[in-house]
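# Examining the three-dimensional arrangement
Here are the chains, one letter per residue:
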Amino acid sequence: MGYVHSDRPDGPGASDEVPTAVKILIAGGFGAGKTTMVGAVSETRPLRTEELLTEEGVSVDDLSGVEGKNTTTVAMDFGRITITESLVLYLFGTPGQDRFWFVWDELALGALGAVVLADTRRLADCFPSVDYFEKHGTPFIVAVNCFEGARRYELDEVKQALSLDPGVPVLLCDARNRESGKEVLISVLQHAMRSHRAARQATAG
């Protein structure tokens, strides 16, 4: 279920309508900031499935560039944010390591769009997420998480490095900042709606 339309009464009682619910995925590589973004923007206490990294996990996961990370998402992060009185986004953060990708198909069901968080220290980690959404036809944007000390690149450089379609928006963000995260979510919502509208028009034509 990507989004649910409710009956919208006219008049003074219109503000009491049931909000439209939209599902958005937050994806990206290990340590890119998915859990941080969901936690920063969620208006409710986020649901997290983080576990401490074990010695066995360290031998499997590549920690280069994120040596200080000691936890990992093993299923999903979940949060909620109200964009307008009649629009609520439900956020599902995906696990970053490939050994947990078996849950992606379940998480992606009904998603209107997705955010791919990029860490320029480990940009190649974005490719699996980009490939997944391109393969499944899910509208997505790329949000470059500006980590302290990380080299800054022009957005066109990031787009070229990831071989993105020209129509895929790329923007900068700070996953720790609520307003920055909200701007990212509004951007993916707008992009997804444009993409779905274009697809409907192409089908009708």
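No experiment lies behind these values; they were computed from the predicted model shown.

### Thoughts on the nonpolar core
One finds Ile24, Ile26, Leu89, Leu91, Val115, Val184 and Leu185 to be the most contacted residues of the largest nonpolar core, which totals 25 residues. If you list the elements that add at least two residues to this core, you get strand S1 (20-28), helix H1 (34-41), strand S4 (77-84), strand S5 (87-93), strand S6 (113-118), strand S7 (140-145), strand S8 (170-173) and helix H6 (178-204). A per-element tally of this core places H6 first, with five residues. Dropping the residues within four chain positions of it, Leu91 is found in contact with Ile24, Val38, Val41, Asp77, Phe78, Gly79, Ile81 and Leu185. If you look at the next biggest cluster of nonpolar residues, it comprises 24 residues, including Phe92, Phe140, Val142 and Val144.

### What to know about the sheet that holds S5
Taken in spatial order, the six strands of this open sheet run S4-S5-S1-S6-S7-S8, and their pairing is mixed. Edge positions in the open sheet fall to S4 and S8, since each of these has one partner strand only. Direction aside, the axes of adjacent strands within the sheet are offset by 30° on average. Note: S6 against S7, five bridges, orientation parallel. In the strand pairing of S7, Val115 is matched with Ile141. Relative to S4, H1 is tilted by about 45°, and along the sheet it contacts S1, S4, S5, S6 and S8.

### Focus: the packing of aromatic side chains
Within a pair of aromatic rings, the relevant descriptors are the distance that separates the centres and the angle that separates the planes. Considering all chains together, one arrives at six aromatic pairs under this definition. Taken together, the aromatic side chains of Trp104, Tyr132, Phe133 and Phe140 make up a single cluster linked through ring pairs. Lying across the ring of Phe92, Lys23 places its NZ or CZ 4.7 Å from the centre. We note Arg121 situated over the ring of Phe147; from NZ or CZ to the ring centre the distance is 4.2 Å.

### Quick word on the pairing of S1
Here S1 lies mainly inside the structure; nine of its nine residues are buried. Burial along S1 is two-sided: Thr20, Val22, Ile24, Ile26 and Gly28 and Ala21, Lys23, Leu25 and Ala27, pointing in opposite directions, are all buried. Here S1 pairs with S5 via seven bridges, running parallel. Paired with Ala21 across the two strands is Val88, which belongs to S5. Both S1 and S6 contribute to a ladder of five bridges, which runs parallel. Within S6, the position partnered with Ile26 by the bridge is Val115.

### Quick notes on the environment of Asn177
Note on placement: Asn177 falls in the loop between S8 and H6. Its relative accessible area of 35% is what places Asn177 among the partly exposed residues. For the pair Asn177 and Val41, spaced 136 residues apart in sequence, the C-alpha separation works out to 7.7 Å. A distance of 3.0 Å separates the side chain of Asn177 from the backbone nitrogen of Glu179, its partner in a polar contact. There is a polar contact of 2.8 Å between the side chain of Asn177 and the backbone nitrogen of Ser180.

Rules and cut-offs
- Residues numbered from 1 in each chain as written.
- Predicted model: local features only at pLDDT ≥ 70, side-chain atom pairs only at ≥ 80, totals over all residues.
- Heavy atoms only, no water.
- Core = buried A, V, L, I, M, F, W, Y, C linked by side-chain atoms within 4.5 Å.
- Buried < 20%, exposed > 50% of the residue type's maximum accessible area, 1.4 Å probe, protein only.
- Helix = DSSP H or I, 4+ residues; strand = E, 2+ residues; numbered from the N terminus.
- Contact = heavy atoms within 4.5 Å.
- Pairing = 2+ DSSP bridges.
- Axes fitted to C-alpha atoms, helices over the stretch in contact; angles between N-to-C directions.
- Phe/Tyr/Trp six-rings, centres within 6.5 Å; stacked < 30°, edge-to-face > 60°.
- Lys NZ or Arg CZ within 6 Å of the ring centre and 35° of its normal.
- Polar contact = N/O pair within 3.5 Å; in protein donor to acceptor, adjacent residues only side chain to side chain.

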